[in-house]
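Breakdown of the fold
The lines below spell out each chain.
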Amino acid sequence: MTEETPAQYAGPKRVLSGVQSSGALHLGNYLGALVKFTRLQHEMDTFIFVADLHSITAWQEPALLAAQTREIAAAYIAAGLDPKVATIFPQSAVPEHAELAWIFNCVARLGWLDRMTQFKEKSGQHKERSSVGLYTYPVLQAADILLYKATHVPVGEDQKQHLELTRDIAGKFNHDFDAPGFFPLPESLIQGPGARVMSLRDGLAKMSKSDPSDASRINLMDDADTIANKIKRAKTDPLPVPETVEGLEGRPEADNLVGIYAALTGATKAEVIAEFGGKGFGTLKPALAAVAVDKLGPVGGEMRRLMSDPTEIDSVLKAGAEKARAAAAPVLAETRKRVGFWGA
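On a predicted model such as this, the values are computed, not experimentally measured, just so you know.

Re the overall build of the protein chain
When helices and strands are tallied, the protein chain shows 13 helices and five strands. Taking 20 Å as the expected radius of gyration for a compact globule of 344 residues, we find that the protein chain reaches 21 Å, a close match to that expectation. A principal-axis box enclosing the C-alpha atoms of the protein chain has dimensions of 70 × 45 × 40 Å. Excluding contacts between residues fewer than 6 apart, the proportion of contacts in the protein chain whose partners are at least 24 apart in sequence is 77%. On the protein chain, roughly 15,900 Å² of surface is accessible, and the fraction owed to carbon and sulfur atoms is 54%. With 38 positive and 42 negative side-chain charges, the protein chain shows a spacing of 1 Å between the two charge centroids.

Structure representation (structure tokens):
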């Protein structure tokens, strides 16, 4: 919707992303987000937040929300994010997010939001019962990103549409307020292998912390026996592991287990097939369980250590919030000035 290009923004490269503080994190979050975050922190300026404002678009138990925020932060740290390198903070501790979101609500157009497919999926048959926040949360996402003038955002396929909305909002703001290049048009960093981990009970459904069946996912804080048992009971078909990658087509559960093994080991699906092709899942599953325990065991152990005494987590979040506000405040101040608010 805009002819502006990312090249017109002259600022430094910066990446921003976050995870909602609702429910326990699982293997899909680890492979699709956390592993990527830990790599990106060494490539560019990195802001990683706990999306507690987004969490309350659906009801959250107030007594649990702060603990869930700490748990997400613990997962970040346990997975390898270094608070001395990356800025880790709770979204709600930086009120500039909400103010910029309101300004963007007045820039975005209703037709743009009407096209957002995730609202339709999440609201289901009863969209009139959904919160207004659920409808407008892609605008808050745009504010999250542009408040720090992030140039890159790790996204999965299900979030690409929201990033396009962010680009549209940035371009329209820059045009409407005669501010070419003020906000960047952020680019996507499509997540690599393992980004879309599917349910262990249904290879056509994405692994989700909202799935009522705990057996559908491997939680980061599951112990070794639980991880092994879940993989042992994971749904498969009666055929052996195919002998070619093409043979995975039409076999979603087989494709999922091969993909998870590949992502955890850094191998390609072809390399996994070369090792296990023609063998039964009774061979693949124990090997996958051993790899999963080896990779996730230390993460879960460190999370449990951090959660046992949240002082360290709270210190990280407080320092991160201060750093985030220092970066956000001048951007919002300039935005207010360009909009024409009194006193800006």
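That shown, we press on.
Re the environment of Gly203
Tracing the backbone shows Gly203 in the loop between strand E5 (187-190) and helix H9 (224-232). With relative accessibility at 6%, the residue Gly203 sits in the buried group. C-alpha of Gly203 to C-alpha of Asn256: the two residues are 53 residues apart in sequence and 6.4 Å apart in space.

Details of unusual backbone geometry
A positive phi angle, near 50 degrees, is found at Lys149, a position not held by glycine. Within the element layout of this structure, Lys149 appears in the loop between helix H7 (132-146) and strand E4 (152-155). One non-glycine residue with positive phi stands out, namely Asp178, at about 50 degrees. Structurally, the position occupied by Asp178 is in the loop between helix H8 (160-176) and E5.

A closer look at the pairing of strand E1 (residues 14-20)
Most of E1 sits out of view: five of its seven residues are buried. Traced from E1 through helix H1 (residues 27-40) to strand E2 (residues 45-51), the parallel crossover comes out right-handed.

Focus on the packing of aromatic side chains
The geometry of an aromatic ring pair is captured by the separation of the ring centres together with the interplanar angle, meaning the angle of the planes. Here the structure, examined in full by the defined rule, presents twelve aromatic pairs. For the ring pair Phe104 and Phe173, a centre distance of 6.3 Å and an interplane angle of 70 degrees mean the geometry is edge-to-face. Note that Phe104 is positioned in helix H4 (residues 96-105) and Phe173 in helix H8, a separation of 69 residues in sequence. Phe173 matches Phe104 in its accessibility class, with the two residues each being buried. The buried category is assigned to Phe173, whose relative accessible area is 0%. By the ring-pair criterion, three or more aromatic residues cluster together here, those being Phe104, Phe173, Phe177, Phe182 and Phe183.

What counts, and where the lines are drawn
- Residues numbered from 1 in each chain as written.
- Predicted model: local features only at pLDDT ≥ 70, side-chain atom pairs only at ≥ 80, totals over all residues.
- Heavy atoms only, no water.
- Helix = DSSP H or I, 4+ residues; strand = E, 2+ residues; numbered from the N terminus.
- Rg over C-alpha atoms; globule rule 2.2 N^0.38 Å.
- Contact = heavy atoms within 4.5 Å.
- Areas by Shrake-Rupley, 256 points an atom, 1.4 Å probe, with all protein chains shown as cover.
- Lys, Arg positive; Asp, Glu negative; His and termini not counted.
- Charge placed at Lys NZ, Arg CZ, Asp CG, Glu CD.
- Buried < 20%, exposed > 50% of the residue type's maximum accessible area, 1.4 Å probe, protein only.
- Right-handed = clockwise from strand over helix to strand, strands pointing away.
- Phe/Tyr/Trp six-rings, centres within 6.5 Å; stacked < 30°, edge-to-face > 60°.

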